[in-house]
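Read off the chains here:
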Amino acid sequence: MTDLIISCYDKFNLLAHLPRGEENNNHFVFNGKTYTFPEIYNPAYILIHPKSQYIYICNESIYNGSLSTFSFDDNKTLKLIKTVSSKGKSSCYLCFDKMMKNIININYWDSTISVHPLKNNIIQEATQVMYPNIDNNMNNIEDHLKDRQRTSHHHSCVFKDNYLFVPDLGTDTIDIYTYIKETLEFKCFFQLPKGSGPRYSIVEKEYLYVINELSSSISVIKLINNLPNEIIQNISTIPENILNKNTCGTIQIHPNKDYMYASNRGHDSIAIYKILENNKLKLINITKTGGNTPRHFSINNIGDKLYVANQDSNKCVTFNINSDGTLEIQNDTIKINSPNFILKFA
């Protein structure tokens, strides 16, 4: 599996959850080489610059958070350039603004959002920090794991023109911010069904697809004037009558825009959907991932491979994507402790 970058957990005691695999002594596998950097910990989200040889990473900790910029050369040699504060705890998600002048960072533990300028493609200290409307009174991991909806927990973000949609797992809302002149301002929220626990989202045409971590479902939301207006579908990611606990991980759309994929942690599978002409989803298959706790997966640019990071069984697995969107597991496995994020460069 060449041209892959995989990040791994190396300090379980700093996390907001309890992995069941083995801690990794390294932080990354990049194009087959391992890397460790003493300045960072628990790299857990990877954003690649589409036009330059730079990578941006969230470093995850419930006690603080940081963001790192890396460069790489034509030989795929990774170099740490700079690390800045995430201005919050448990940083978990990054995205570019539409002009690619700033990176928006989401902090899960205290639900803060920070805006970081890019200078010469290097992430800088935050110019703005947004705090939740109600103070996030998380004291310890035991309280958190007992009830993850005690308080606000922003988990990711996605832009739709000048609006930023931010799923809040703790409040079952999509919080909506305007983004004008590189500044965020809270506008309103869209309510999801109680117990949904929204995690990630995708904007496609005039629809918002939200994967709900706690209810193991996807909500399809119609947008009107670029704002969420109506849930037109809630569809499960797991078979009926599943007894073991399941939480959803990642949602991805195929490059041809015909199929959508969602990962299940517990059922340990990828749900595969056909995107219909009315933009609703039709479940066509649920495929086991060949490991435990598929925290993250990604699809290559041409859409013929899907790569899964099975966090708790310490391995990454490759699937062929068939012409009908279904998946076929390959004998191409990387043994690696606690993989949490995986991306293909080509």
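Remember, it's a predicted structure, so these values are computed and weren't measured experimentally. (Residues numbered from 1 in each chain as written. Predicted model: local features only at pLDDT ≥ 70, side-chain atom pairs only at ≥ 80, totals over all residues. Heavy atoms only, no water.)

Details of the overall build of the chain
Moving on, step 1. When its secondary structure is counted, the chain shows one helix and 29 strands.
Moving on, step 2. For the chain, whose C-alpha radius of gyration is 19 Å, the value lies close to the compact-globule estimate of 20 Å for 346 residues.
Moving on, step 3. Projecting the C-alpha coordinates of the chain onto the three principal axes gives extents of approximately 50 × 45 × 40 Å.
Moving on, step 4. Counting all 346 residues of the chain, 60% fall into the buried class.
Moving on, step 5. When contacts within the chain are restricted to residue pairs at least 6 apart in sequence, long-range pairs at least 24 apart make up 47% of them.
Moving on, step 6. Summing over all exposed atoms, the chain offers an accessible surface of approximately 14500 Å²; the carbon and sulfur share of this is 46%.
Moving on, step 7. Across the chain, 34 positive and 34 negative side-chain charges occur, with their mean positions spaced 2 Å apart. (Helix = DSSP H or I, 4+ residues; strand = E, 2+ residues; numbered from the N terminus. Rg over C-alpha atoms; globule rule 2.2 N^0.38 Å. Buried < 20%, exposed > 50% of the residue type's maximum accessible area, 1.4 Å probe, protein only. Contact = heavy atoms within 4.5 Å. Areas by Shrake-Rupley, 256 points an atom, 1.4 Å probe, with all protein chains shown as cover. Lys, Arg positive; Asp, Glu negative; His and termini not counted. Charge placed at Lys NZ, Arg CZ, Asp CG, Glu CD.)

Let's talk about the environment of S156
Moving on, step 1. Relative to the elements of secondary structure, S156 occurs in the loop between α1 (141-146) and β13 (158-160).
Moving on, step 2. Classification of S156 as buried rests on a relative accessible area of 1%.
Moving on, step 3. Taking C-alpha positions, S156 is 5.3 Å from Y93, a pair spaced 63 residues apart along the chain.

What about the sheet that holds strand β5 (residues 54-59)?
Moving on, step 1. One open sheet accounts for four strands, arranged β4-β5-β6-β7; its pairing is antiparallel. Every other strand in the sheet has two partners, leaving β4 (43-48) and β7 (78-85) as the edge strands with one partner each. The sheet shows a mean angle of 25° between the axes of neighbouring strands, direction not considered.
Moving on, step 2. Direction of pairing for strand β6 (residues 66-72) relative to β7: antiparallel, over a ladder of seven bridges. Looking at the pairing, S71 lines up with K79 of β7. (Pairing = 2+ DSSP bridges. Axes fitted to C-alpha atoms, helices over the stretch in contact; angles between N-to-C directions.)

Side note on the side chain of N279
Moving on, step 1. As for its position among the elements, N279 is in the loop between β23 (269-275) and β24 (281-288).
Moving on, step 2. By relative accessible area, which is 9% here, N279 ends up buried.
Moving on, step 3. Discounting residues that sit within four places of it in the chain, N279 has contacts with K205, Y207, Y209 and V220.

So, the nonpolar core
Moving on, step 1. Within the largest apolar cluster, 64 residues are counted, with the highest numbers of intra-cluster contacts made by F28, I55, F70, L78, I104, L164 and L281.
Moving on, step 2. Counting residues per element, this core draws most heavily on strand β8 (residues 91-96), which supplies five residues.
Moving on, step 3. The residues touching L78, leaving out its near neighbours within four places in the chain, are F28, F30, Y35, F37, I55, F70, S71 and F72. (Core = buried A, V, L, I, M, F, W, Y, C linked by side-chain atoms within 4.5 Å.)

Side note on the layout of surface pockets
Moving on, step 1. A volume near 1300 Å³ is recorded for the largest pocket.
Moving on, step 2. Only β4, β8, β13, β17 (198-204), β21 (247-253), β25 (294-299) and β29 (339-344) provide two or more residues apiece to the lining of the largest pocket.
Moving on, step 3. For the lining of the largest pocket, the element with the highest residue contribution is β17, accounting for five residues.
Moving on, step 4. Considering only residue class, the lining of the largest pocket consists of 23 nonpolar, nine polar and seven charged.
Moving on, step 5. Approximately 670 Å³ is the volume attributed to the second largest pocket.
Moving on, step 6. Lining of the second largest pocket is provided by 28 residues; of these, H17, R148, E213, K245 and T247 occupy positions nearest its centre.
Moving on, step 7. Considering only residue class, the lining of the second largest pocket consists of seven nonpolar, 10 polar and 11 charged. (1 Å grid on protein atoms, 1.4 Å probe; cavity = no way out; pocket = protein on both sides within 12 Å on 5 of 7 lines; lining within 4 Å. Points joined across faces, edges and corners; volume = space filled by probe spheres on them. Nonpolar A, V, L, I, M, F, W, Y, C, P; charged D, E, K, R; others polar.)

Looking at the sheet that holds strand β22 (residues 259-265)
The strands making up a sheet associate through backbone hydrogen bonding, with each pair oriented either parallel or antiparallel.
Moving on, step 1. The antiparallel open sheet is built from four strands, whose spatial order is β21-β22-β23-β24. Two strands close off the open sheet at either side, each with one partner strand: β21 and β24. Shown here is a sheet whose adjacent strand axes are inclined to one another by a mean of 20°, direction ignored.

Let's talk about the pairing of strand β26 (residues 305-310)
Along any regular strand the residues' side chains alternate between the sheet's two faces.
Moving on, step 1. Summarising burial for β26: five of the six residues are buried, a large majority.
Moving on, step 2. With five bridges joining them, β25 and β26 adopt antiparallel strand pairing. In the sheet register, S298 faces β26, and the bridge partner there is Y307.
Moving on, step 3. The antiparallel hairpin formed by β25 and β26 contains five residues in its connecting segment, where G303 sits at a positive phi of about 80°.
Moving on, step 4. Counted along the chain from β26 to the antiparallel partner strand β27 (residues 315-321), the turn is four residues long, and its residue N314 has a positive phi close to 60°.

Let's talk about the pattern of salt bridges
Moving on, step 1. In total, this model carries 10 salt bridges according to the counting rule given.
Moving on, step 2. Notably, a salt bridge pairs K160 with E206, separated by 3.0 Å at the nearest N-O pair. Remark: E206 occurs in the loop between β17 and β18 (207-212) and K160 occurs in strand β13; sequence separation between them is 46 residues.
Moving on, step 3. One network of salt bridges, with partners in common, ties together R148, R199, E213 and R265. (Salt bridge = Lys/Arg side-chain N within 4 Å of Asp/Glu carboxyl O.)

Structural measurements only, silent on function.
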